[in-house]
Amino acid sequence: EKGGYPSFMEKEINDQPAAVGDTLLGRADANGRLMLDEVRIDPELLKSVDKIIVLACGTSAYAGQVAKYAIEHWCRIPTEVELSHEFRYRDPIVDGNTLVVSISQSGETMDTLMAVRYAREQGAKTVAICNTNGSTIPRESDAVLYTHAGPEIAVASTKAFLAQITAAYLLGLYLAQLRGLKFQGEIRDILSDLGAIPKKIQAILDNADQIKKLAREMADTKSVLFLGRHVGFPVAMEGALKLKELAYIHAEGFAAGELKHGPIALIEEGQPVFVVVPSPRGRHSLHSKVVSNIQEIRARGAKTIVIAEEGDEAVRAYAEHVFYIPETPTLLAPLLATVPLQMFACELATAKGYDVDQPRNLAKSVTVE
Ligand code: M6R
């Protein structure tokens, strides 16, 4: 059932074009009008939502962090993302105008389930983004948007993550559509950009050799840092988590803008740092700011490994290694930039002889607190 791959994890990384494609399937008509019939919450109620809280743990929480950028941009609804176990034990402000979006691959994560229960008791409407049909969290939510990634067997999440981002984006666009905030044409264009993602992921998978080679060369590394900005920040966190989980290597993800506020002190000769670089075509000139960050750490001896958009020549001068991903609008870039980081962690752990499907101390679904 591993489809000819040596591990479920490799299979699942390679399943990602289908995971995203299937999650998009049948969700819009020919004019790009979203029809999320499963979201059986009264549209009038959804229109009155004045706050969104995304609840999740681990990788699913990083999907939520990515989604926040898109939902706030498209819907203009303040969106918080909180780890379910933190949310549960404070005194969160939730009421009938709050939409709680839980994200869970398994649908059984205890902390997320308890957080959803609490939110419902406070009168919030709850939507579950979930990969497992009939699991507990969707059953206890007002509505569910299934990710169609197919069963995820490897303990470390890969294809579910990309499918969660895709589903959260569909939900964001649907809310924007309901609230009349986006012209239908714009939604159609974003959906068509999303529709182009599976092929672009495939292109990255077809070019895996370079990153896998680097991973094998780095098998003895003791610590790896990951920097990202904007939607690249949660991608950096996810890259670090994959490396911790699979290769048992100390890894940290940082917001690139935080460098000077502390983490730059960690940089010494030979310290490997992955940098997820925003598109040079993006708004806010974030590209040049991140390129300056690369220069700063390079000057202090870091070994810089850069994920950048095809055609971005500016990064070459400061990068020891550059991995190019296909062009895509900034908000969709996590669906591509994550893939080389997953492949890196998987290959490095394999080179160390570890079981990538069953990393030590971890369970696929955490059904206890
Ligand atoms: O099933 P869930 O999405 O609720 O699981 C959440 C986390 O336990 C999960 O993402 C975990 O962090 C994975 N091991 C990440 O690879």
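Structural notes, computed from the coordinates. Since the model is a prediction, treat every value here as computed from it, not as a measurement.

Reading the values: the criteria
Every residue gets a number counted from 1 within its own chain, in the order that chain's sequence is written. pLDDT decides what is reported in this predicted model: residues at 70 or higher carry local features, side-chain atom pairs at 80 or more are listed and counted, and totals for whole chains, interfaces and linings draw on all residues regardless. Water and hydrogen atoms play no part in the side-chain values, which are based on all heavy atoms of the structure. A 1.4 Å probe that fits but cannot get out identifies a cavity on a 1 Å grid over protein atoms alone, an open set with protein on both sides within 12 Å along at least five of seven lines counts as a pocket, and a residue lines either if it has an atom within 4 Å of a point. Grid points are joined across faces, edges and corners, and a volume is the space filled by probe spheres set on the points. Only DSSP runs of H or I covering at least 4 residues are called helices, and only runs of E covering at least 2 are called strands; the numbering of each starts at the N terminus. Residue polarity follows a fixed list, in which Ala, Val, Leu, Ile, Met, Phe, Trp, Tyr, Cys and Pro are nonpolar, Asp, Glu, Lys and Arg are charged, and the others, Gly among them, are polar. Burial classes follow relative accessibility: with a 1.4 Å probe on protein chains only, a residue under 20% of its type's maximum area counts as buried, one over 50% as exposed, and anything between as partly exposed.

A few words now on empty space enclosed by the protein. Counted according to the given criterion, the structure contains 2 cavities of 30 Å³ or more. In this model, the largest cavity occupies a volume close to 170 Å³. As for the largest cavity, its lining consists of 17 residues, and the residues nearest its centre are Val277, Pro278, Ser279, Thr330 and Ala333. Every element with two or more residues in the lining of the largest cavity is listed here: α12 (232-247) and α14 (334-351). Its residues assigned to classes, the lining of the largest cavity comprises 10 nonpolar, 5 polar and 2 charged. The space that makes up the second largest cavity amounts to roughly 30 Å³. Around the second largest cavity, the lining residues are Val54, Ala67, Ile71, Val101, Ile103, Ile129, Ala168 and Leu171. Secondary-structure elements contributing two or more residues to the lining of the second largest cavity are α4 (58-75), β3 (98-104) and α8 (159-178).

This brings us to unusual backbone geometry. Phi is positive for Arg76, which is not a glycine, with a value near 55°. In this fold, Arg76 is placed in the loop between α4 and β2 (79-83). Accessibility expressed as a relative area gives 63% for Arg76, which makes it exposed. The backbone of Asn361 shows a phi angle near 65°, a positive value even though the residue is not glycine. By the element assignment, Asn361 lies in the segment after α14. Using a relative accessible area of 76% as the deciding quantity, one classes Asn361 as exposed.

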